[in-house]
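# Coordinate inspection notes
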Amino acid sequence: DYANTDDFDPDLFLWLLYREAHARQLTSDLKLSQIVRMESRNGPIWKSRFSQGASIDRADILALIAKGNTVFGPTKFSFMYSGTPQGFFEITLSSDLSFSVLRTSEYDDEDLQNLPADKLWPRMVQDIWQVLIPMVRQAHKGDESWHSEERDNFIKQCKDAVHKI
């Protein structure tokens, strides 16, 4: 249920970093485009914000992943959806499931593109809340290889990469 915020797993943000590096196709219809910004928290007071692109190409992000206990999120990311409603979407998502839709988001469907702004943005917010965020969450939840072994492998790969720096 899209409205169920009780079972949100903040591991989703680490998973997005993994998928950005290894497999951007989250489902057959959903493809991660870019992680634009990512925040993290390590301990009670240490907070970081990574902007202008967040990926494991950055040594600071690698080091935080390698520690193994960093909590990532919120994040600003973009993705393409080829289902209904088809389009390019850029959102900011927090661990309490609050989100905002950025104006760079757009539908591919002409009928939806031609909606007046007072109808377009409420429709887009509804589609993201009811269709797209649940789809991202379900892709994370259903990624059995991530939960069984790839999460640990990813952290180890990041540790190895940090040692080579």
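All of the points below concern the structure found in this document. (Residues numbered from 1 in each chain as written. Predicted model: local features only at pLDDT ≥ 70, side-chain atom pairs only at ≥ 80, totals over all residues. Heavy atoms only, no water.)

## A few points about the packing of helix α2 (residues 59-67) against helix α5 (residues 144-164)
- For the pair α2 and α5, the least separation of the axes is 8 Å and the interaxial angle reads 130 degrees. With respect to α5, the axis of α2 lies oblique. Two packed elements cross with a definite hand, and for α2 against α5 that hand is left-handed. Residues Leu62, Ala63, Ile65 and Ala66 of α2 form the contact with α5, whose own contacting residues are Phe154, Ile155, Cys158, Lys159, Ala161 and Val162.
- Residues belonging to the contact of α2 with α5 are distributed by class as follows: 9 nonpolar, no polar and 1 charged. (Axes fitted to C-alpha atoms, helices over the stretch in contact; angles between N-to-C directions. Helix = DSSP H or I, 4+ residues; strand = E, 2+ residues; numbered from the N terminus. Parallel < 35°, antiparallel > 145°, perpendicular 65-115°, else oblique. Left-handed = near helix turned anticlockwise from the far one by under 90°. Contact = heavy atoms within 4.5 Å. Nonpolar A, V, L, I, M, F, W, Y, C, P; charged D, E, K, R; others polar.)

## Comments concerning α5
- If you check α5, its first and last C-alpha atoms are 29 Å apart, about what 21 residues at 1.5 Å a residue would give, namely 30 Å.
- In α5, a bend of some 60 degrees at Glu150 exceeds every other bend along the element.
- Among all positions of α5, only Trp146, Glu150, Phe154, Ile155 and Cys158 are buried.
- Looking at the buried side of α5, the elements it contacts are α1 (11-22), α2 and α4 (117-141). (Expected span 1.5 Å × (residues − 1). Bend = angle between axes of the 7 residues up to and from the residue. Buried < 20%, exposed > 50% of the residue type's maximum accessible area, 1.4 Å probe, protein only.)

## Looking at the pairing of strand β1 (residues 30-42)
- Inspection of the sheet shows β1 paired to strand β3 (residues 71-81) by 9 bridges, in the antiparallel sense. Paired with Arg37 across the two strands is Lys76, which belongs to β3.
- Direction of pairing for β1 relative to strand β2 (residues 46-50): antiparallel, over a ladder of 5 bridges. Bridge pairing in β2 places Met38 opposite Phe50.
- Counting the residues between successive antiparallel strands, the hairpin from β1 to β2 contains 3 residues, one of them, Gly43, with a positive phi of roughly 85 degrees. (Pairing = 2+ DSSP bridges.)

All we've got here are geometric facts, nothing functional implied.
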